[in-house]
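# Observations on the three-dimensional arrangement
Here's the letter readout for the chains.
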Amino acid sequence: MTALLDIDALRVAVADGPTLVDGISLSVASGQTLGLVGESGSGKSMTAHAVLGLFPAPSIQVTSGAIRLEGIDLTRLSADARRRLRGRRIGMVFQDPSSFLDPLLTAGRHIAEAFRAHGVTPDLAPRIQAALARVDLPASVAGRFPHELSGGQRQRVLIAAALAMDPAVLIADEPTTALDVTVQAGILDLLRREAAARGLGVLLITHDLGVVAETCNEVAVMYAGRIVEQATVHRLFRAPRHPYTQGLLASVLDPGRDAAPFAMPGAVPPSHAMPAGCRFHPRCPLVVDQCRTIPPAMVDGVACWRAGA
Amino acid sequence: MRPPLLALLMLLLCAILAPWIIPGDPLAGSADALLAPLQSGHTLGTDDLGRDMLAMLLHGSRVSLMVGLASSACALLVGVLAGAVAGWHGGWVDALVMRIAEFFQTLPRFVLALIVIALAGPGIGKVIIVIAVLAWPQTARVVRAEIGALRQAAFVDAARLAGMPDWLIVLREVLPQIAGPVLVLAALDVATAILLEAGLGFFGLGDPNLASWGAMLNQAQQYLRAAWWMSVFPGLAIGLTVLLFNLLGDAVAQHLDPRGR
Amino acid sequence: MSLLSYTLRRLLHAIPLLLAVAVLNFCLIAAAPGDPVTALIGDFPAPAEYVAKMRQDYGLDQPLPVRLGRYLQHLASLDLGYSFANRMPVSTLVAARLGATLKLTGTALAVAAVLGVALGLLAARLGGWVDRLVRFGATLSYAMPEFWLGQLLILAFAIGLGWLPSQGAAPLRGAAAGWAGFVEGLRYLLLPASALALRYLALIARITRARAVEVLRADYVLAARARGASETRVLLDHVLRNAAPSVITVIGYNAGLLLAGSALTETVFGWPGIGRLLFDSIAARDTPTMLAILLMVSASVVIANLLTDVLHRLLDRRVA
């Protein structure tokens, strides 16, 4: 398997301010779905912004590391070259489909925008219909305004626009969080199908381990700007090795277990007040002196001094 | 918020103290200095009747501020009263008050004020009343919307349970909550009123016995070629005063909602 | 609800407003000090038989409701009275002046809208000192009375530099024909249109900037960029479109401001329009003309508001 998207020791920081993403490495192969899991504030959305090259504020920048898309380092490209890759080679789907659709444009215009941005102007009507069919929407949706669509339909329109130009990689940032449970399954199904049938590489960002279990092959667990554990879904769920991952899994309701779900004490530290050593140590039940001073390196898919202890 | 407020206080002080700063009738000219340019004795020059521009400007500020503040105060009173009754009472009272407000908002303020004063004859009191009558609906709308929203608030229920009568609840509990946005409107109303009064003066409808900035510009129109100072200074005075009240309104708005713009 | 039924409903809503404006006009006549016939004829020596005819026609010896009925009847037949100051029917007088006012206000509105939207977008997009400059300029411009600005423009460009004419809409010797005449007309139009446009421009730039800043932060703009849309396309397809309803509302609901400004500007520049006519009729105590202009201006504002609402509805289908 060749990596479509390869993130290498990526650091993102606010200019003259705190580091938000601290040296993470990830790779997504063709047909693979990688889950990036963590609580809010862990830096997982910031990673997605870095890949797209669209940060919420101009003061946030990539300070070191590389982001290679099909072998090209995006961090070295000009702003315009990056723009031409967005939507064409790399697509993105967001959390709340109602706020990510322009209220004054029809669904069709959103999809047309994806084509036009990359110079594809002839035969737009059939192309839009094909894009809608790809996400199981009828052609009539093209003429509808966002307020005339259901939440699930809106997210499908956004996916259709993101996939219109057949990108190699799709970043999905909490794509089902704002949707009804019954609608969620359909959207995840669609993503799985695209990955399997067309070799789309998906980076699925979520806080929901259930979504990961259902959709992903690989999982990376992020905590306070760093990746603490990375493994196949099968292995991670069966034998989590980092105490944070263990805590996350224990906090999920499991119908097959009698014990009440476990609530992890504490919260993710704010980016301007990161603890020294392992960043999880103030919340860790297994903490030892070493954890408080020296950050653990990633060894065999886990970054923990006590892994295996 | 400080600089515009300070400048406004200065202006107010100048207006109040005008008869002591430059005593005498500013409208009494002297034949020995007609259309005199800027010089010692007449710092800002004189007009076609030999009247000192500085004296007229200073005394003119009294009319502008008087009309601006008084009409805004009247509009505030009527607007708050109408808005409070409409918002608190709801139902047909609300519908009626809002219909009337809508009608007054539709009227072209300046043209209507011109014609009313032209028919009724000039007079500072009439000008104040006409402007107030045309300005209250905006305040009423804001007060109504805010009160409508507050009517259901928990502290209102608490006051009602404590046996407070409705009018006292509105006065003591609700109105202080909406003072901010109403004050913003009041400051902007003063600015609008000053512009309107100046426009009336420019159309020759000011009180002929009082110096006013608008009337000065009306006179300047005939002497643009001969005496630029007759136009520049009164206009500057109007623009600056209006600007200060607008800035005051913006500052209050910003103070209330630091996130916005 | 379809656009058509919305428009019809909105029209039905405008009719009572127009009626109320007419009643207000009647009240002004009735409440004017002195003999009501003076308010109908003006302060001019009119033939005794005409005065008697007016008393008869408008039922001035009848009770108020009857007089109101007669008055509305006259309005309905577009009879606005006779101007003794100008020795012609008011409707003829007004019609002759309408074109000049439309030309002036139309030009000012177009200039203010185009420049105001452009400056507002620029300020929102570039931020920094451009934004501060636009905001400062808008605040300053909005405080300037248009009649004073007009005088300043005359002082600078007509008297000081001698580049442009200061009075009228065309040379006294008569307008030239063809292209030369058009250019000459523009020379006369430039100063009054600028004076009239500035406050409106400031208003439009302010609202455009405020809305554009909001929209540029919106999630759907991020999504458009993620699709590869260029900044130009984002500005044109999303920002402009989403700012348009607010901008149009501000433009339409301040039509009264534009008309008032027009009256003042026309007076400064001797522009032969309705505004100048209003000034002259007030100076001459020519009441029928004054009241006819009030009626027209009020009706224009009601119609402008109606058009604004319909246009808003057309641009934003979500509005109930």
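Residues numbered from 1 in each chain as written. Chains lettered and ligands numbered in written order. Predicted model: local features only at pLDDT ≥ 70, side-chain atom pairs only at ≥ 80, totals over all residues.

## Overview of the overall build of chain A
A count of helices and strands for chain A gives ten helices and ten strands. The C-alpha atoms of chain A give a radius of gyration of 20 Å, which matches the 19 Å a tight globule of 309 residues would have. Each principal axis of the C-alpha atoms in chain A carries an extent, and together these give about 65 × 50 × 35 Å. Nonlocal contacts in chain A, meaning residues at least 24 apart in sequence, comprise 63% of its contacts between residues at least 6 apart. (Helix = DSSP H or I, 4+ residues; strand = E, 2+ residues; numbered from the N terminus. Rg over C-alpha atoms; globule rule 2.2 N^0.38 Å. Contact = placed C-beta atoms within 7 Å.)

## What to know about the overall build of chain C
Per the secondary structure count, chain C includes 13 helices and two strands. Along the longest, intermediate and shortest principal axes, the C-alpha atoms of chain C span 80 × 55 × 35 Å. The buried share of chain C, taken over its 320 residues, is 44%. (Buried ≥ 20, exposed ≤ 12 C-beta atoms within 10 Å, placed from the backbone.)

## Describing the interface of chain A and chain C
Across the boundary between the two partners, chain A contributes 24 residues, which contact 19 residues of chain C. If you list the elements that add at least two residues to the side of chain A that touches chain C, you get helix H2 (79-85), helix H3 (107-116) and helix H5 (151-163) of chain A. Across the side of chain A that touches chain C, the residue classes break down as 13 nonpolar, four polar and seven charged. (Nonpolar A, V, L, I, M, F, W, Y, C, P; charged D, E, K, R; others polar.)

## Section: helix H1 (residues 3-31) of chain C
In a regular helix each residue adds 1.5 Å, so 29 residues correspond to 42 Å; H1(C) covers 42 Å between its end C-alpha atoms and thus fits that length. Residues C:Leu17, C:Val21, C:Asn25, C:Phe26, C:Leu28 and C:Ile29 constitute the buried set of H1(C). (Expected span 1.5 Å × (residues − 1).)

## With respect to unusual backbone geometry
Residues and elements named next belong to chain A. With phi around 50°, Glu-70 is a residue other than glycine that occupies positive phi space. For Glu-70, the location among the structural elements is in the loop between strand E4 (60-69) and strand E5 (72-73). Within the chain, Asp-136 stands out as a residue other than glycine whose phi angle is a positive 60°.

## A short note on the sheet that holds E4(A)
Strand pairing in a sheet relies on backbone hydrogen bonds, with the paired strands running either antiparallel or parallel. Residues and elements named next belong to chain A. With antiparallel pairing, four strands are arranged side by side in an open sheet as E2-E1-E4-E5. Strands at the two margins of the open sheet, each flanked by one partner only, are strand E2 (19-29) and E5. In the sheet, strand E1 (residues 3-14) pairs with E4 via eight bridges, with the strands oriented antiparallel. Within the sheet, the bridge partner assigned to Val-12 lies in E4 and is Val-62. (Pairing = 2+ DSSP bridges.)

## Some remarks on the nonpolar core
Most often, soluble globular proteins keep nonpolar side chains buried together rather than apart. Counting residues in each nonpolar core, the largest one holds 257 residues, and the members touching the most others are A:Ala160, B:Val111, B:Ile115 and B:Ile131. Considering each element in turn, this core owes the most residues, 18 residues, to helix H8 (residues 178-216) of chain C. Setting aside residues no more than four positions away along its own chain, A:Ala160 makes contact with A:Ile111, A:Ala131, A:Leu132, A:Arg134, A:Val135 and A:Leu137. (Core = buried A, V, L, I, M, F, W, Y, C linked by C-beta atoms within 7 Å.)

## Description of the sheet that holds strand E6 (residues 90-93) of chain A
Residue and element names in this part refer to chain A. Reading across from one edge, E6-E7-E8-E3-E9-E10 is the order of the six strands in this open sheet, with mixed pairing throughout. Edge strands, defined here as strands with exactly one partner in the open sheet, are E6 and strand E10 (226-232). On average, adjacent strands in this sheet sit at an angle of 15° to one another, irrespective of strand direction. (Axes fitted to C-alpha atoms, helices over the stretch in contact; angles between N-to-C directions.)

## Comments concerning the interface of chain B and chain C
Facing the 34 residues of chain B at the interface are 38 residues of chain C. Elements represented by at least two residues in the side of chain B that touches chain C include exactly helix H3 (91-106), helix H4 (109-120), helix H8 (179-202), helix H9 (213-222) and helix H10 (229-256) of chain B. Per-element tally for the side of chain B that touches chain C: the top contributor is H4(B), with ten residues.

## Section: the environment of B:Asn218
Residues and elements named next belong to chain B. Checked against the element boundaries, Asn-218 lands in helix H9. For Asn-218, a count of 21 C-beta atoms within 10 Å gives the class buried. Taking the C-alpha atoms as reference points, Asn-218 and Pro-208, separated by ten residues in sequence, lie 12 Å from one another.

## Points about the packing of H4(B) against helix H11 (residues 255-269) of chain C
For the pair H4(B) and H11(C), the least separation of the axes is 7 Å and the interaxial angle reads 50°. Considering their axes alone, H4(B) and H11(C) lie oblique with respect to each other. Residues B:Arg109, B:Phe110 and B:Val111 of H4(B) form the contact with H11(C), whose own contacting residues are C:Gly256, C:Leu259, C:Ala260 and C:Ala263. Taken together, the residues of the contact of H4(B) with H11(C) sort by class into five nonpolar, one polar and one charged. (Parallel < 35°, antiparallel > 145°, perpendicular 65-115°, else oblique.)

## Regarding helix H10 (residues 231-253) of chain C
For H10(C), spanning 23 residues, the distance from its first C-alpha to its last is 31 Å, which sits close to the expected 33 Å at 1.5 Å a residue. Every buried residue of H10(C) is accounted for by C:Val234, C:Leu235, C:Asp237, C:His238, C:Val239, C:Asn242, C:Ala243, C:Pro245, C:Val247, C:Ile248 and C:Ile251. The secondary structure elements touched by the buried residues of H10(C) are H3 of chain A together with helix H5 (90-126), H8, helix H9 (219-226) and helix H13 (287-315) of chain C.

## What to know about the confidence of the model for chain C
All names here are of chain C. Scored by pLDDT, chain C comes out at a mean of 86, with 98% of its residues at no less than 70. Mean pLDDT across the secondary structure elements of chain C bottoms out at helix H2 (residues 36-41), with 72, and peaks at H9, with 93. Quick note on the complex model: pTM equals 0.86, ipTM equals 0.89. (pLDDT = per-residue confidence, 0-100.)

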